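Residues per chain are reported as follows:
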Amino acid sequence: MYLQNVMTNTVKKLKSQAANMITIANLAFGGAAIMATMNGHYTYSVLFIFVAGLLDRFDGMVARKFQLESELGKQLDSMSDIISFGVAPALLLYALVLKDFSVAGMIITVIYIACGGFRLARFNISEPNGYFTGLPITVSGVILTLSYFAINYVPSVSYMFLFILLAFLMISTFTLRKV
């Protein structure tokens, strides 16, 4: 009887934190992508960012399914997203392409990350209305990561424009219906 109560309580606690655990896994894969980039393992970095993307997709689904949506979860999700879809893709492409542009490459990388942070902060203080304002950082980060596969086919300078375009789209005020 005692063991059954302990198991029941443990399952309830795990269920109540399921979405947050998925979000923390997203954060962990974003951190792993950064470390892979720092160690020159760029394909692993790409893989880790895509895994973080899958986890980001499922954390919200789990939270809604089990009615676990919370302010803590919303903040944790944004912190994970700035790492996994702001810093990780920016550092990956900086290491591969933008470092060749010296200070200009650094500035553009920082602008992209800052715009991602601004976009997430704006999202966190807005009321849910079924629409995104500006390009979500997850979409921007995935586009930036996908551009990794074009490095050998497009001029390096085009990455400077891609970073600026994505940064601008994240902070713009156009709306997209949530899916």
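Computed from a prediction, not measured in an experiment: that's the story for all the values here. (Residues numbered from 1 in each chain as written. Predicted model: local features only at pLDDT ≥ 70, side-chain atom pairs only at ≥ 80, totals over all residues. Heavy atoms only, no water.)

1. A closer look at the overall build of the chain
Let me state the cut-off plainly: Secondary structure elements are defined from DSSP: runs of H or I of at least 4 residues count as helices, runs of E of at least 2 residues count as strands, and each element is numbered from the N terminus. For every residue, the accessible area (1.4 Å probe, protein chains only) is compared with the maximum for its type, and the residue is labelled buried under 20%, exposed over 50%, or partly exposed between those bounds. Contacts between residues were defined by any pair of non-hydrogen atoms, one from each residue, lying within 4.5 Å. Here Asp and Glu are counted as negative and Lys and Arg as positive; His is not counted, and neither are the chain ends. Think of each charge as sitting on NZ of Lys, CZ of Arg, CG of Asp or CD of Glu.
Regarding its fold elements, the chain presents seven helices and two strands. Each of the three principal axes of the chain carries a C-alpha extent, and together these read 65 × 40 × 25 Å. A burial count over the chain gives 38% of its 179 residues as buried. Taking contacts inside the chain between residues at least 6 apart in sequence as the whole, the part at least 24 apart equals 78%. Treating the 12 positive side-chain charges of the chain as one cloud and the 8 negative ones as another, the clouds have centres 7 Å apart.

2. A look at the packing of helix α6 (residues 137-146) against helix α7 (residues 157-171)
Just so we agree on the cut-off: Between the N-to-C directions of two axes lies an angle of 0 to 180 degrees, each axis being a line fitted to C-alpha atoms and, for a helix, fitted only over the stretch in contact. Working definition: roughly parallel below 35 degrees, roughly antiparallel above 145 degrees, roughly perpendicular at 65 to 115 degrees, and oblique for all remaining angles. Polar here means any residue outside two lists: the nonpolar Ala, Val, Leu, Ile, Met, Phe, Trp, Tyr, Cys and Pro, and the charged Asp, Glu, Lys and Arg; Gly therefore counts as polar.
Packing of α6 against α7 leaves a shortest axis separation of 10 Å and a crossing angle of 170°. The pairing of α6 with α7 is recorded here as roughly antiparallel in orientation. Within the contact between the two elements, α6 uses I137, S140, I143 and L144 and α7 uses L162, F163, L166 and M170. Here the contact of α6 with α7 is composed, by residue class, of seven nonpolar, one polar and no charged.

3. Some remarks on the packing of aromatic side chains
Short version of the rule: Pairing of aromatic side chains here covers Phe, Tyr and the six-membered ring of Trp, requires ring centres within 6.5 Å, and sorts the geometry by plane angle: under 30 degrees stacked, over 60 edge-to-face, intermediate tilted. Any Lys NZ or Arg CZ found within 6 Å of a ring centre and within 35 degrees of that ring's normal is scored as a charge over the ring.
One pass over the structure, following the stated rule, counts five aromatic pairs. Look at Y148 and F149: their rings are 5.2 Å apart centre to centre, the planes differ by 80°, and that puts the pair in the edge-to-face class. Grouped by ring-pair contacts, the aromatic residues F29, Y44 and F48 constitute a single cluster. The ring of F123 carries the charged tip of K74 above its face, separated from the ring centre by 5.6 Å. Just above the ring of F132 sits the side chain of K178; from NZ or CZ to the centre is 5.2 Å.

4. Some remarks on the nonpolar core
Heads up, the rule is: We define a nonpolar core as any set of buried Ala, Val, Leu, Ile, Met, Phe, Trp, Tyr and Cys residues linked to one another through side-chain atoms lying within 4.5 Å.
Judged by nonpolar contacts, the single largest core of 28 residues is most densely connected at L93, L98, Y112 and F163. Of all the secondary structure elements, the ones that give two or more residues to this core are α2 (18-38), α3 (42-65), α4 (71-96), α5 (102-125), α6 and α7. Take this core: its biggest share by element is seven residues, from α4. When residues no more than four places from it in sequence are discounted, the contact partners of Y112 are F85, G86, A90, S140, G141, L144, F163, L166, A167 and M170. One finds A19, I22, V62 and A63 within the second-largest nonpolar core, a separate group that totals six residues.

5. Details of the side chain of T138
Considering the arrangement of structural elements, one finds T138 in helix α6. Aside from chain neighbours lying at most four places away, what touches T138 is D56, D81 and F85.

6. Some details on α4
Under the convention used in this document: Helix span, expected: 1.5 Å multiplied by one less than the number of residues in the helix. Think of it this way: the bend at a residue is just the angle between two axes, each fitted to seven residues, one set ending at that residue and the other starting at it.
The end-to-end C-alpha distance of α4, which contains 26 residues, comes to 37 Å, matching closely the 38 Å that a straight helix rising 1.5 Å per residue would cover. Of all the bends in α4, the greatest measures close to 25° and is centred on D81.

7. Some words on the environment of Y44
The residue Y44 is located in helix α3 in this model. Using a relative accessible area of 48% as the deciding quantity, one classes Y44 as partly exposed.

8. With respect to the confidence of the model for the chain
Spelled out, the test is: Known as pLDDT, the predictor's per-residue confidence is scaled from 0 to 100.
Looking at the chain as a whole, its pLDDT mean stands at 92, while 95% of the residues score no less than 70. Per-element confidence in the chain ranges from a low mean pLDDT of 69 for helix α1 (residues 2-16) to a high of 98 for α7.

9. A closer look at the packing of α5 against α6
The angle between the axes and the distance between the axes are what describe a pair of packed helices. Where α5 contacts α6, the axes come no closer than 10 Å and their chain directions differ by 155°. The angle between α5 and α6 falls in the class roughly antiparallel. Here Y112, G116, R119 and L120 of α5 lie close against α6, whose contacting residues are I137, S140, G141 and L144. A breakdown of the residues in the contact of α5 with α6 according to their chemical character gives four nonpolar, three polar and one charged.

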